[in-house]
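If you want the building blocks of each chain, they are given just below.
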Amino acid sequence: MEYLGELMLIAVVAGVINNYVLHYFVGICPFIGVSRRVDMAFGMGCAVTFVISIAAALSWIFTYFILRQGAPVTAWIWQAFGGDPATPVSLEILNYIVYIFVIASSVQFVEMYLRKFFPHMYKSFGVYLPLITTNCAILFACLMIMKNVAGVADAANVWGIGKALTEAFFGGIGFTIAIVIMAGIREELDNCDVPKPLRGAGITLIVAGILALAFMGFMGVDRGLAGLLK
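Below is a short write-up of the structure. All residue numbers refer to position in the chain's written sequence, counted from 1. Residues qualify for local features only when their pLDDT is at least 70, as the model is predicted, and side-chain atom pairs are given and counted only at 80 or more; totals for whole chains, interfaces and linings, by contrast, use all residues. Excluding hydrogens and water, the side-chain figures rest on all heavy atoms present in the structure.

Okay, the packing of helix α5 (residues 95–117) against helix α7 (residues 136–149) next. Convention adopted: a line fitted to C-alpha atoms gives each axis, helices being fitted over their contacting stretch, and angles between N-to-C directions are expressed from 0 to 180 degrees. Working definition: helices are DSSP H or I runs of at least four residues, strands are E runs of at least two. Numbering for both runs from the N terminus. Packing of α5 against α7 brings their axes to within 10 Å, and their N-to-C directions diverge by 135°. Considered as vectors, α5 and α7 are oriented oblique to each other. Crossing of α5 over α7 shows right-handed handedness. Across from N95, Y96, Y99 and I103 in α5, the residues of α7 making contact are I138, L139, C142, L143 and M146. These descriptions rest on fixed angle ranges, namely under 35 degrees for roughly parallel, over 145 for roughly antiparallel, 65 to 115 for roughly perpendicular, and the rest for oblique. By definition, turning the near helix anticlockwise from the far helix through less than a right angle yields a left-handed crossing, and turning it clockwise yields a right-handed one. Throughout, a contact is declared for two residues whenever any of their heavy atoms are within 4.5 Å.

See the structure below:
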């Protein structure tokens, strides 16, 4: 029961309270570029959620078993080649390279899937689909996992794959919520008399700032929820 409570808390924090787009301001490129229509925004949100979940699972596996200090696979290889078992081995310097490779591979899988089964959506995304590779929200989720796996001194607090997937999946859900809300507002803005200097990216960034202020109202909910779950 305690573990389920922790998963629920991670989900609420990642999806709403510390929304990746409106709190950390990562993933702004697709947030601005693919939020002109609600259907496209929802499709992009689903694609990002799918990619971020796959990337998170693979990132956790690589980080836990290979990259972090004292990882079992790395330690076994080190000892097999005659290394001193008392010497800690860490490959954390390779984190960024491995994460980028994992994200790029996941995006290629999604791109091939959409091209075969949803060609209309594939054409609608255009250049923004391969740009998921450079969506820093996905890399941010991988780095959050690294912080809670490789950056934790107490082994009891190291995240398992369940917490890592919860963080990533609901981070993607939060991204979807933010981009769909923005798309709905931008569709309404098409019928408004926006001052000429603010048309396009200008009014979009202003609306994004107002949305970020609105989501700040959820701050502190995590502490109340944590107390309630206990």
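Having seen the model, we can carry on.
In this section: unusual backbone geometry. Phi at F25 is positive, roughly 60°, even though this residue is not glycine. Topologically, F25 is positioned in the loop between α1 (2–17) and α2 (28–33).

Definition used in this section: a nonpolar core is a set of buried Ala, Val, Leu, Ile, Met, Phe, Trp, Tyr and Cys residues joined via side-chain atoms within 4.5 Å. Classification of residues uses two cut-offs on accessible area relative to the type maximum, computed with a 1.4 Å probe and protein chains only: under 20% is buried, over 50% is exposed, and between them is partly exposed. Formed by 54 residues in total, the largest nonpolar core has its most connected members in L22, F31, M44, I132 and I138. Only α2, α3 (38–67), α5, α7, α8 (161–189) and α9 (201–215) provide two or more residues apiece to this core. Sort the elements by how many residues they give to this core and α3 lands first, with 11 residues. If near-sequence neighbours (up to four positions away) are discounted, L22 is found in contact with F31, A178, A208, L211, A212 and F215.

The residue G174 is located in helix α8 in this model. Sequence spacing of G174 and G160 is 14 residues, and the spatial spacing of their C-alpha atoms is 21 Å. Residues within four places of G174 in sequence aside, it is in contact with G15 and N19.

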